[in-house]
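So you can see what is in the structure, the chains are spelled out below.
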Amino acid sequence: STAAAKWGGEYPHVLSGAQFDRKSLEGLIALASTIKKDMKLFQDSAPLKGKILALMFYEPSTRTSSSFHCAMLRLGGQVLSIKDTKTSSVAKGETLEDTVRTLESYCDGIVLRHPQKGSALRASKVLKCPLFNAGDGAGEHPTQALLDMFTIYSELGTVDGLTITMLGDLKHGRTVHSLANTLSHFKVKLNYVSPDFLKMPDYVKKIVGDRKVEQKEYENLDTILKDTDVLYVTRVQKERFTGPNGKAEYEKAQGAYVITPELMKKLNAKEKMIVMHPLPRVGEIDPALDSDPRAAYFREMRCGMIMRMAILLTAMG
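Every value quoted in this text rests on a predicted model; they were computed, and no experiment measured them.

With parallel pairing, the 4 strands of this open sheet are ordered in space as S2-S1-S3-S4. Each edge of the open sheet carries a strand with a single partner, namely strand S2 (78-82) and strand S4 (131-136). Each strand of the sheet is rotated relative to its neighbour by a mean of 15°, with strand direction disregarded. The pairing of strand S1 (residues 52-57) with strand S3 (residues 109-114) spans 5 bridges and is parallel. Paired with Leu55 across the two strands is Val111, which belongs to S3.

On to the sheet that holds strand S8 (residues 230-233). Strands sit in the order S7-S6-S5-S8-S9 across an open sheet of 5 strands; the sheet is parallel. With one partner strand each, in any of the chains shown, strand S7 (214-218) and strand S9 (274-276) form the two edges of the open sheet. Taken over all neighbouring pairs, the strand axes of this sheet differ in orientation by 20° on average, direction set aside. As paired elements, S8 and S9 share 3 bridges and run parallel to each other. The residue bridging Val230 from the neighbouring strand is Ile274, located in S9. The strands that helix H7 (residues 174-183) touches are strand S5 (163-167), strand S6 (189-193) and S8; relative to S5, the one it contacts most, it runs at about 165°.

What follows covers the packing of helix H6 (residues 142-156) against H7. It is at 8 Å that the axes of H6 and H7 come closest, and there the two elements cross at 55°. One element, H6, and the other, H7, form an angle in the oblique class. Seen along the crossing, H6 lies across H7 with a hand that is right-handed. Across from Pro142, Gln144, Ala145, Asp148, Met149 and Ile152 in H6, the residues of H7 making contact are Thr175, Ser178, Leu179, Thr182 and Leu183. For the contact of H6 with H7, the residue count by class is 6 nonpolar, 4 polar and 1 charged.

So, how was this worked out
Residues numbered from 1 in each chain as written. Predicted model: local features only at pLDDT ≥ 70, side-chain atom pairs only at ≥ 80, totals over all residues. Heavy atoms only, no water. Pairing = 2+ DSSP bridges. Helix = DSSP H or I, 4+ residues; strand = E, 2+ residues; numbered from the N terminus. Axes fitted to C-alpha atoms, helices over the stretch in contact; angles between N-to-C directions. Contact = heavy atoms within 4.5 Å. Parallel < 35°, antiparallel > 145°, perpendicular 65-115°, else oblique. Left-handed = near helix turned anticlockwise from the far one by under 90°. Nonpolar A, V, L, I, M, F, W, Y, C, P; charged D, E, K, R; others polar.

Below, the structure is given as structure tokens:
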């Protein structure tokens, strides 16, 4: 099977946005909201005391690895972190399956980031302990989608009825692939803004369309920013531009969209809306916007740790 099973119960792995239905999404958002309200209670009760989480990162990560690490510590658990795969048995040619099975014999859960699309699903097939996909190449980044859902709910009090505009590199951006999937369980409108050669993949649009969610494609924000409740900005990922025209395409794409206070004003952005970004940013959002109350991207980071606490607690508690 190429698809991950529905999340929960006998199937603890978090591999893809497609595993979550509206009910499981609402359950996680509710638990994360409870944790956010009373963090001290969860820290003091240490529900994951005695459990160990392995972090296995084959690609660089600051936010995802740090937030999973802190989420586990705040729940009373401990962490085994393997960041430099060049010094591990992977460098000797060990298969991914063998590596994760070895880690399972030491730990109670594994967070995996790997450059190959589909690697998390492959690894999960040999495991009984929960595997959390922290990004598989240009595939998916499901816990990012879950924390984004929680951020939207925390900031605006609902997900239903919102217009969400995704901007930037929608072709390679695994965060938007997972997010469009999870958002389509709610009554939303989705706008996709990108250069023609970085459009949202057809398979994502098909999932969203099958759920009867309205989705439209644009090349700029001119006519749509004024009706947008959530502007989700993504970075153009230099490392994904590998073809013969890679450098030229990257430079063309990177300068296409920059969100500034002036642009927000000129295009009549709502007073009550939010600007999100999975970070790191490389010029897509002017730092001058950081002091605007609508800039939610650093609050989004806090929500990330809290949502990952909710995920770990549900899968390992």
